[in-house]
Structures are given as structure tokens and as C-alpha cells.
Amino acid sequence: MIHPVELREWMHANPEPAFKEHRVTDLFEQELKDQSSIQCYRPLDTGLIACYQGHSSQPFTLLRADIDALPSRRHDQLECAEHLCGHDVHTAILWSVLQSVLKSRPKQNILFLFQPGEESGDGAKRILQTGILENWMIEKSFALHVNDLYPLGSIASNCSTLFSASQELDIVFEGMQSHITTPEKGIDAWKSCVLFQNLWEERTHIEETFLGIGRVEAGIARNIIPPQGKMVMTARASSITKLELMQEQIKDILCTISSTIGTKNFIEKGSSCPPVQNNKELYENAYKILHPRFPFKTANIAWAAEDYGYFSSVYPSFMFWLGTLEPGKKTVGLHHQNFYPSHDSIHIGAQVIASLLQL
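In this text the structure is predicted, and so the values were computed from the model without any measurement. (Residues numbered from 1 in each chain as written. Predicted model: local features only at pLDDT ≥ 70, side-chain atom pairs only at ≥ 80, totals over all residues. Heavy atoms only, no water.)

1. Comments concerning the overall build of the chain
What counts is decided by this rule: Numbered from the N terminus, helices here are DSSP runs of H or I no shorter than four residues, and strands are runs of E no shorter than two. Buried, partly exposed and exposed residues are distinguished by accessible area as a fraction of the type maximum, computed with a 1.4 Å probe on protein chains only: under 20%, between the cut-offs, and over 50%, respectively. The contact criterion used is simple: two residues touch if any of their non-hydrogen atoms lie within 4.5 Å. For accessible areas, the Shrake-Rupley method is used with a probe of radius 1.4 Å. Any residue's cover is judged against the shown protein chains and nothing else.
Secondary structure assignment for the chain yields 9 helices and 16 strands. Evaluated residue by residue, the chain yields a buried proportion of 50% over its 359 residues. A separation of at least 24 residues holds for 80% of the contacts in the chain among residues at least 6 apart in sequence. Roughly 16900 Å² of accessible area belongs to the chain as shown, and the carbon and sulfur atoms make up 49% of that amount.

This is the structure we're talking about:
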């Protein structure tokens, strides 16, 4: 079978974006086709579930790694993908654990999920919607994410919310065009964009929520009052309830803008993710077994989307950061062009997961 480091290098050289991970999925199937103790399932066009059953009646542990690369654009503006978020490392770690299980043949039941489409925000959701996981009694689930905010070999997590709930929101303002010299005859959608920003800043925000505006569009010509405006944004919160309350705040502001400026205002929703909620009992047991071997830190909530939240909302789960920062090096952060954890992360991550399988 392909070595985990070789797999990582191959994936890094052959990145595939969400739901286009055909080559790596085919590679998994080819490598596992002669393994009698593994049953492979392909619930979606890409991605794979490898089922190891070492005990006839025990429940299953679900181990998940995301396999897609990050969509990006090079200087020539060609669309491509790159492994700048560490998914190649995640996959290599899970592959290493799978190989160890095949050698030791433990009396455990384990599902190895090589999940597509994490970067799109709904890969986990699509897996659940197929209903395939209902074929097994899943008792608990584990996942990790590499991060160079933490020293190599260290672990960071918490007993509550590790990743926030996320919702993509676009606000569309529809006004009426007129010549720029007769603004009284039109309804300026750009003014609605500006007013929204001002009113939002004046609001008392709900604790543990965040709203980021990434792009604002308005106007069709330099001499025409903008008939339409659009604000592209992302909302984050520590819970679904708080995320919904924040959206109610947004609706209230839009009502004010409609009565003040006269634009018709609409909210268009994009992808969303529930929060990644760590099970308290799993966290405490994980801490007991990992802390003696690995430096263990308490992590704050990350204001980032992570579709593992779909699994943590169904199964008792524990997710953690695996530190990758090597001595003498500087943190560059996820999605940075220079983010490339060392191969040592693969061996360490596999050791951590193997320890968690003892729970």
C-alpha cells in the first residue's frame, strides 16, 4: 500500500477541489481492493468510507479526514486548487491509522471516512443525507485539523464549541435608476449599502457573534444612480440560536432602510455549517489519555466554518487542533501559500488518533 508520506506528497502535487476528488478516491479504492478485512463504500461520486469490523457486536467509531483542496486563483487568473489548509495531512494521518489497524487487527469496529467537499461547506451534510451511516451503530466520532498557531506535536481543544456556526448571507438592495444629476427621481441602492453598514455598527451586538462584509457591489455607470446594490457577507456565532438572533437583527435594519430610503431589500442565503460541539465526556476522557503524552492546551472558539459540525450534531464527537509549528519557524496561518506542515505531523497525528481509539 502507498506510504502515508507518499500519499500526502501525491495529493499535494495533485490537488482536487470539492466534489472533484476523483483521482484520490480512485487511488483509495485501488489500494484497498485486495484487503479482505476492509469493505469500501462510495456514497457520493467522490470520497470513500472504509469499514473495518473487528468485533461482531461492538458499536463503531467514526474517524473523519477531509480530502479536498482549497480553490484558488494564480496570477494568470486560472482557477485551480491547492492544499493550503492541510487536508492532505489530515488524509495521510487517517491513512496511516488505517494501515496500522490492518496490521494489528484490533477487536474494534472503525469507519474511516475520507470525506469530500469540506471547503464547500456541505460535504459532511451530503454524506449524512445519503443515509449510509445509518447502517452502522456509531458510538463516537473523532477528527482533527492541523494548525501552525500551536507548536509541533501539541494539541489544542475544548469541552464546548471549537468552531462557530456559519451562514453565508448576501443582502440585495433594489432601487430605481435615474440620471445622476436628478437623484430625486431615483432610489439610490448605494445609499442603502452605506446605511446598513452604519446602522449595523451602531447596534449592540449579540455576544459571541460576528458579521464580516467581504464585498460590496453597486452601480451600472458613472452617470446613473445605482439601481441595485449587493453586500456579500458571512455571519458566525457560537450557536445556531445566536446565529438566528443575529439574522433577526439584520432583518430589523433592512426594515428601517426600506422605510428611510425606499429600496426593496432581500436576504439570499448561501452555504451554512452548524458549530463543532465537542462532547464534554469525550473531551475529558481524551484529555486524560492524551495529556501525559502530548502538550495539551485549551483552545478558544475559532470563528471559522468547519462542516464536521454536521457530524458533531449527530454523534458524540471530539475534534482538536494538531500543532505543526516547528522550532525556529514563524506562523503563517491556514490558507497561506507557504502553509506546509512537515511530514512529522503525519506520524504524530496518527499516534494521537491511535490513542483516542483506546477510549
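2. Notes on the packing of aromatic side chains
Keep this limit in mind: Put simply, two rings from Phe, Tyr or Trp (the six-membered ring, in Trp's case) pair if the centres are within 6.5 Å, and we call them stacked under 30 degrees between planes, edge-to-face over 60, tilted for the rest. When the NZ atom of lysine or the CZ atom of arginine is within 6 Å of a ring's centre and also within 35 degrees of its normal, the charge is said to sit over that ring.
In this structure the tally under the stated criterion is 12 aromatic pairs. Between the aromatic rings of F318 and F320, the centroid separation amounts to 5.6 Å while the plane-to-plane angle is 25°, which identifies the pairing as stacked. Residue F318 is classed as buried on the basis of its relative accessible area, which comes to 0%. We classify F320 as buried; its relative accessible area is 0%. In this structure an aromatic cluster arises from ring pairing among Y283, Y287, F296, F318 and F320. Taking NZ or CZ as reference, R8 lies 3.9 Å from the ring centre of Y340, over its face. Across from the ring centre of F19, 3.7 Å away, lies the NZ or CZ of R126, which sits over that ring.

3. As for the pattern of salt bridges
Quick reminder of the rule: For salt bridges, the criterion is a side-chain nitrogen of Lys or Arg within 4 Å of an Asp or Glu carboxyl oxygen.
Following the criterion strictly, the structure yields 13 salt bridges and no others. Here E208 makes a salt bridge to K242, at a shortest N to O gap of 3.1 Å. Of this pair, E208 sits in the loop between α5 (189-202) and β11 (209-218) while K242 sits in helix α6 (residues 240-261), placing them 34 residues apart in sequence. The exposure class of E208 is partly exposed, given its relative accessible area of 44%. The salt bridge involving K251 is made with E248; its shortest N-O contact spans 3.6 Å. Of this pair, K251 and E248 both sit in helix α6, 3 residues apart, roughly one helical turn. What emerges from the salt-bridge pattern is a single network uniting R64, D66, E306 and D307.

4. What about the side chain of H145?
Position of H145 among the secondary structure elements: in strand β7 (residues 138-151). By relative accessible area, which is 3% here, H145 ends up buried. When near neighbours in sequence (up to four residues on either side) are disregarded, H145 contacts C85, H87, H90, E306, M319, F320, W321, L322 and L334.

5. Describing the pairing of strand β12 (residues 228-237)
This is how the line gets drawn: Strands pair, by our definition, only if DSSP identifies at least two bridges between them.
The buried count for β12 comes to 7 of 10 residues, which makes it a mostly enclosed element. Bridging between strand β10 (residues 165-174) and β12 involves 10 bridges; their strand directions are antiparallel. The residue bridging A165 from the neighbouring strand is A237, located in β12. Examined bridge by bridge, β11 and β12 share 9 bridges and lie antiparallel to one another. Note on β12: the bridge partner recorded for I213 is M233.

6. Here's the deal with the side chain of Q247
Here is the rule we go by: Here a polar contact is taken to be a pair of N or O atoms separated by no more than 3.5 Å, where protein atoms must pair a possible hydrogen donor with a possible acceptor and residues adjacent in sequence count only if both atoms sit in side chains.
Relative to the helices and strands, Q247 is located in helix α6. Owing to a relative accessible area of 8%, Q247 belongs among the buried residues under this scheme. Side-chain polar atoms of Q247 contact the side chain of K269, separated by 3.2 Å. Setting aside chain neighbours within four positions, we find Q247 in contact with Q167, L169 and K269.

7. Focus on empty space enclosed by the protein
One water molecule sets the probe size; rolling that probe over the atoms shows where empty space is left. Note the following rule: The way it works is a 1 Å grid over only the protein atoms, where trapped points that fit a 1.4 Å probe form a cavity and open points with protein on both sides within 12 Å along at least five of seven lines form a pocket, and then any residue with an atom within 4 Å of a point lines it. Grid points are joined across faces, edges and corners, and a volume is the space filled by probe spheres set on the points.
Evaluation of the coordinates by the stated rule reveals 1 cavity of 30 Å³ or more. The calculated volume of the largest cavity comes to roughly 90 Å³. Lining the largest cavity we find L63, R64, A65, D66, H90, I93, L94, F142, A143, L144 and I353. Contributing elements (two or more residues each) for the lining of the largest cavity: β3 (60-66), α3 (87-104) and β7. With 4 residues, the top contributor of residues to the lining of the largest cavity is β3.

8. Points about the layout of surface pockets
Keep this limit in mind: Here the term charged refers only to Asp, Glu, Lys and Arg, the term nonpolar to Ala, Val, Leu, Ile, Met, Phe, Trp, Tyr, Cys and Pro, and the term polar to all other amino acids, Gly among them.
In this model, the largest pocket occupies a volume close to 700 Å³. Lining the largest pocket are 31 residues; nearest its centre among them are E119, R236, A304, A305 and H335. Of all the secondary structure elements, the ones that give two or more residues to the lining of the largest pocket are β4 (70-73), β7, β10, β12 and β13 (264-273). For the lining of the largest pocket, the element with the most residues is β7, which contributes 4 residues. For the lining of the largest pocket, the class distribution of residues is 14 nonpolar, 11 polar and 6 charged.

Functional significance is not addressed by these values, which are geometric in nature.
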